Amino acid sequence: MSVCKHCRNGFLDGRFGQDVECVNGVLIDIDEWYEGHEPNRVRPVAPCHPMWDRQCEDPDGDWPNDSADRLNAQASNQKDPA
């Protein structure tokens, strides 16, 4: 989970949906995260993500969304901690 002042260690108090939390700067349903996320699906970024303001200004805009990469990296780190 994320450790930051914006996401309060991943928990968002239902601000983005009942079970949506922050995982490595990405907003995702926490049940989907633990049961297995789709590795190539683009998701909205969380308040701690550097592109949060751009997403708020233009959710469908042409800005770099690395949500799939971030979730895949987090999943790899959890499977094989170094």
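Structural data are supplied above this passage.
Notes on the structure follow. (Residues numbered from 1 in each chain as written. Predicted model: local features only at pLDDT ≥ 70, side-chain atom pairs only at ≥ 80, totals over all residues. Heavy atoms only, no water.)

### Quick look at the overall build of the protein
Formally: By definition, any uninterrupted DSSP run of H or I lasting at least four residues is a helix, any uninterrupted run of E lasting at least two residues is a strand, and each is numbered from the N terminus. Exposure is judged per residue with a 1.4 Å probe applied to protein chains only, and the accessible area is read against the type maximum: over 50% gives exposed, under 20% gives buried, and values in between give partly exposed. Residue contacts follow a heavy-atom distance rule, with two residues in contact if any of their heavy atoms lie within 4.5 Å. To measure how exposed things are, a 1.4 Å probe is used in the Shrake-Rupley method; for residues, cover is taken only from the protein chains shown.
Looking only at helices and strands, one finds 3 helices and 2 strands in the protein. In the protein, the succession of α and β elements from N to C terminus is β-β-α-α-α. Scored against the burial criterion, the 82 residues of the protein give a buried share of 37%. Intrachain contacts of the protein at a sequence separation of at least 6 include 37% that bridge at least 24 residues. Taken as a whole, the protein presents about 5300 Å² of accessible surface, with 46% of it coming from carbon and sulfur.

### With respect to a negative patch on the surface
Keep this limit in mind: Distance thresholds for patches are 9 Å for like charges and 5 Å for nonpolar side chains (Val, Leu, Ile, Met, Phe, Trp, Tyr), applied to residues having over 30% relative accessible area and no salt bridge. Take a side-chain nitrogen of Lys or Arg and a carboxyl oxygen of Asp or Glu: if they are within 4 Å of each other, that pair is a salt bridge. Counted as positive: Lys and Arg. Counted as negative: Asp and Glu, with His and the chain ends omitted from the count. Every charge is mapped onto a representative atom, which is NZ of Lys, CZ of Arg, CG of Asp or CD of Glu.
A contiguous patch of negative charge, built from Asp 53, Glu 57, Asp 58 and Asp 60, is present on the exposed surface. Looking at the element boundaries, Glu 57 is found in helix H2 (residues 52-57). On the basis of relative accessibility, which here comes to 67%, the residue Glu 57 falls in the exposed class.

### Brief notes about the pairing of strand S2 (residues 26-29)
Put simply, the rule is: Here, any two strands with at least 2 DSSP bridges between them count as paired.
Relative to S2, strand S1 (residues 20-23) runs antiparallel, the two sharing 4 bridges. Bridge pairing in S2 links Val 23 to Val 26. In this structure, the hairpin formed by S1 and S2 is closed by a connection of 2 residues, where Asn 24 is found at a positive phi of approximately 55°.

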